[in-house]
Structures are given as C-alpha cells and as structure tokens.
Amino acid sequence: MKVYIKSIAFAAIAVGAMSLGSCSEDKVYEVDINAVPLASEYADAVKIDVDQTTNYANFSFNAVGVYPVWIIDGKSYSTAQSFSRYYRKAGEYSVEVKVGNANGISQGAVTKTFTVDRTVMNGFAGFVYDSDANLWRTATKKDPTFFYAPGWAQIADPSWSFDGDAYTVSLPEATTDKWQAQMHIGTDICLNEGESYDGSFIFTSTMDMNGVTLKIHPDGDDDDGHSFFPQQKINLSAGEPQTFWFSDLTAAVPMNNLVFTLDFGGCPAGVEVTVENFVIKPHSVDDGTVLPELPSEPTWVAEDSADNLWSGATISNSYYYAPGWNQIADPKLTADGSTYTIELPSATFEQWQAQCIFATDLSAPDAEKLYDFRIVLESTTDIPAAMVKLVQADEPEAKHDSNFFFAENVALTAGGKTTFWVAKVKAAEGPMHAINLVLDFGGCPDNTEVKVSGIIFQEHHD
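Calculation notes
Residues numbered from 1 in each chain as written. Predicted model: local features only at pLDDT ≥ 70, side-chain atom pairs only at ≥ 80, totals over all residues. Heavy atoms only, no water. Helix = DSSP H or I, 4+ residues; strand = E, 2+ residues; numbered from the N terminus. Buried < 20%, exposed > 50% of the residue type's maximum accessible area, 1.4 Å probe, protein only. Pairing = 2+ DSSP bridges. Axes fitted to C-alpha atoms, helices over the stretch in contact; angles between N-to-C directions. Polar contact = N/O pair within 3.5 Å; in protein donor to acceptor, adjacent residues only side chain to side chain. Contact = heavy atoms within 4.5 Å. Salt bridge = Lys/Arg side-chain N within 4 Å of Asp/Glu carboxyl O. Phe/Tyr/Trp six-rings, centres within 6.5 Å; stacked < 30°, edge-to-face > 60°. Lys NZ or Arg CZ within 6 Å of the ring centre and 35° of its normal.

> Give me unusual backbone geometry: which residues, what numbers.
A positive phi angle, near 65°, is found at tryptophan 152, a position not held by glycine. Relative to the helices and strands, tryptophan 152 resides in the loop between strand S13 (145-148) and strand S14 (159-162). The exposure class assigned to tryptophan 152 is partly exposed, which follows from its relative accessible area of 48%. Its identity is not glycine, yet aspartate 248 carries a phi of approximately 60°, on the positive side.

> Can you explain the sheet that holds strand S21 (residues 258-263)? Please cite residues and give values.
Strand order in the open sheet formed by five strands is S13-S16-S21-S18-S19, with antiparallel pairing between adjacent strands. Two strands lie at the open edges of the sheet, namely S13 and strand S19 (231-236), each paired on one side alone. Across the sheet, the mean angle from the axis of one strand to that of its neighbour is 20°, orientation sign disregarded.

> Tell me what's going on with the side chain of arginine 85, and back it up with residues and numbers.
Looking at the element boundaries, arginine 85 is found in strand S9 (residues 82-86). Among the polar contacts listed, one links the side chain of arginine 85 to the side chain of tyrosine 87, at a separation of 2.8 Å. Here arginine 85 is in contact with Asn55, Tyr56, Ala57, Phe59, Ile72, Asp73 and Tyr77, once residues within four sequence places are set aside.

> Outline the pattern of salt bridges, supporting the account with residue identities and numerical values.
Pairing is possible between side chains that carry opposite charge, provided their charged atoms lie close to one another. Summed over the entire model, instances satisfying the criterion amount to six salt bridges. Among the salt bridges present, the one from lysine 399 reaches aspartate 177, with a minimum N-O distance of 3.7 Å. One end of the pair, lysine 399, is in the loop between strand S28 (383-392) and strand S29 (404-412); the other, aspartate 177, is in the loop between strand S15 (167-171) and strand S16 (181-186), and 222 residues separate them in sequence. Among the residues examined, lysine 399 registers a relative accessible area of 59% and is labelled exposed. One salt bridge connects lysine 369 with glutamate 459, and the closest N-O pair in it is separated by 3.4 Å.

> Tell me what's going on with the environment of isoleucine 315, and back it up with residues and numbers.
In this structure, isoleucine 315 sits in strand S23 (residues 315-321). The residues contacting isoleucine 315, other than those within four sequence positions of it, are Trp310, Tyr340, Phe358, Ala359 and Thr360.

> I'd like to hear about the sheet that holds S9, residue by residue, with values.
In space, the three strands of this open sheet follow the order S5-S6-S9, with antiparallel pairing throughout. What marks the edges here is a single partner per strand, and that holds for strand S5 (46-51) and S9. Here the average twist between neighbouring strands, direction ignored, is 20°. Where strand S6 (residues 56-61) and S9 come together, five bridges link them in antiparallel fashion.

> Go over the pairing of strand S22 (residues 271-282), please, and point to the residues and values.
In terms of residue burial, S22 counts as a mostly covered element, since ten of its twelve residues are buried. Direction of pairing for S15 relative to S22: antiparallel, over a ladder of five bridges. If you follow leucine 171 over to S22, its bridge partner there is valine 271. As judged from the eight bridges shared by strand S17 (residues 196-205) and S22, these two strands associate in the antiparallel manner. When the sheet's bridge partners are listed, serine 200 is paired in S22 with valine 279.

> Tell me about the packing of aromatic side chains, and name the residues and values.
Tallying each qualifying case throughout the model produces 29 aromatic pairs. Look at phenylalanine 124 and tryptophan 245: their rings are 5.2 Å apart centre to centre, the planes differ by 70°, and that puts the pair in the edge-to-face class. On the criterion of sequence distance, the pair formed by phenylalanine 124 in the loop between strand S12 (110-116) and S13 and tryptophan 245 in strand S20 (residues 242-250) is long-range, its members being 121 residues apart. Here the aromatic residues Trp136, Phe162, Tyr167, Phe201, Phe244, Phe246, Phe260 and Phe278 are joined through ring pairs into a cluster of three or more. The ring of tryptophan 300 carries the charged tip of arginine 374 above its face, separated from the ring centre by 5.9 Å.

Here it is in structure tokens:
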C-alpha cells in the first residue's frame, strides 16, 4: 500500500492596490508503509560491548539503508549508529532497538540484554561479597515484613523485589519521622557472643534522603539496647551509592537468627531505594579487603578557649527518662564546671528511654561549614549502645530530627573512659537555628552513673 502526501508552498505578493496570489510547484512524496523495516531482521546488527574496567557500555548498529532508535528505560534515547553510556551499578540491563527508514519506524523492536559486573563507588565498596566467609551468601532469607506508617497511620506495605542479592523497595508516600518506614529482613545467621565481625551494605536512592538507619539484631530482640549490633544513620544523595560498613565489631550477646532492620523514615514520596552486596563475616577471616583510610583526629583547641564554641554556649537541660516507656522522675544531673554527672537509678531496656538533652544557643547558619566534635563519657556500668547525637533543635511548629551533624552509637564499658570524636561534619539538611546535644543511655542497668566531660565543638581547619 502506497500513501501520497501533497505539499504546497504559498506566497503572496502585493503591488500597489493589486494583490496577486500564486502558489509554488506541488511536491508529492511517496511512502510505502509496507516497506517499513521489520526489526527482527536486524537483530544481528545490534551490538553491545561492556568495558568492565570502566563500566561503559558501547552500543553500535551496523546496517545499510536504515537507522536505529535506541530505547533505554522506556524512553527514546538516541538514533546514533553508535554511542557509549556509563552504568554505575552492577546488574543486568536491557535495551530496545527499533529500526527506521524513509517509510517509517518499525512497530516491533529488538531487545538485547547485557551485564555490568561491578558497582563503581566513589569511595569504599565494602568487603568481598563472593567470599566464602560471607555468611549472607549461604543464609536463608525470609521475605521482608514492613511497618509503613506516614503520620503513624499504617498503610499498605510498599512494593519490593529481590534479585538474589539486591533488595529494591518503592515508597509511594512520604514519611516525616524515624521508624515510619521500616523494612525487616529475617535470616538464620547466628553470631557468637564475644566474637568480632565485619560487615558492609551498599545503599542507592533515587532521591536525596537523610537519616536512613540500618540496625542488626537478634530475632525478637530489636528493642534491647544490649542486643543491637550496629545501628547507625547514613545520608543518601540521589543516584550515589553509599556504603554502610563496620569492622572488628564484637557481639556483646549471642546474636541468633539475625534480622536486618532498615528504616527510611523521613523519605520523600515516590523514592526507590536499593540495598545490595550484603556482607557479614568473621573478622578473623581476611578476604583481602583494604579498609579505607580513616580520618585522622584533628588538633583540638583548648577546652576553655573561645575557639571551643561549646565553652561559650548557654546550656539548659531536659530529659526523657521512661523505663518500659513509663516516664518517671528526671535523672539527677550535677554540673562541676564543664563536667556533668548523670545519675540513672532505674534500669531501662530500650533505646531512647534514658535521654538527656543539652539545649544550646549555638547556631550553624552556614550549612557548608565543617566542624569537629569531641566528648568523653565514663559509665559505672556497661552500656553497649549509648547514643550521641548533635542535631538541630526543634521549633514549636517543626521537628528537625533529620537535620543532624551525626548520630552514633557508642559502647561504654563499666569503669572505663571512652572518647568519641568526629571530624569534618556538616549539617545534613541546611542551616541550624539552634543546636542540641542529645545523649541517650537506653539499656542502662540499675544505679548507673555517667560522667560527661571534655566537650569540644570547633570549626574544622585543615
């Protein structure tokens, strides 16, 4: 079947009071829709070669009299005979190719798949996933369970997929607070009390998201501060893989049937998060991984100097002391200069049940400025998962839990002195009108006493 398309060009010329209309020569284009290419006949013309050292896929189409229409991620991407595209993340990918000529573009398409072997990271990519020492590889994994509750009103579970290594979860509704978007992955992995382990996990988000939490704990024991393995927040930038990792971390108790709890509380609507390359292995087994160089401890200003921003701050204290989530009388705090002693007479059993907040008049108006922080903690009892968090203070109309400099668990040993410090940190989400230091001793035994001293908060200088 032939279709004829007629094209006429018009021109108008005015001379004095007279108007003359004329038209140019008619042009007729003959299109034979039966001569539109059949894509399947050009399958061999489509070539994809992946350079596994650079993660570039090289696409080429070699045929005479026709041209390709490359379709990637459901969208027309290019009509070039050849081009290259960078793929950051390991996985199997596909591309569709339609074929066109002067008569039109094929209805059908050729689909080609290709594999990218490794995820390219800007930083540390974690421990070796394929190592025989990786307990995750041979573990039995349960299907994830969820608590998805924007505004604390539970809704339908988010959609998820698992390809044998990577979990991808799609969160259609925004959440505002921590623990409103929980994902729990149960396993039969067991860790021995007193033994040390290494672990790493790669997170990639389609949108910026701060305060993503990973908590590893025994099945049925996720709220006991003595049983947390790591629990830490990380910030994710859209499209940038981020590795959460730990090394030489000792299990304080038997860790039977590990559960990996992920929390995306504070997520934006429509975000998709992939978590992959799960590794957890005995620290005693060397898989050849070279750990990244950790930041060196900064040179600290004098504690009583003007350069220590903390020394000039106005401070007030508040508390949330609630064993079993039943709030009781505030703990006693005694100040001796810049040293504070906190008395906790009653045991607590979960994180956040023994909070002591140091509200300050310090601010951080420049969100790009880097800071260093140090604190010394001494406890009369073991507290395996004390929390130290430097965060923007709330306002009457807004909570700012996700705008923090850091939020880290610190293990305290009875009678010992623990110095915790961080260097080159900046606010996660923007300027801070006021800064709070939050200390939580949830999981403390009866008659615990914690001494807090040596606090330095300084601008970072290389």
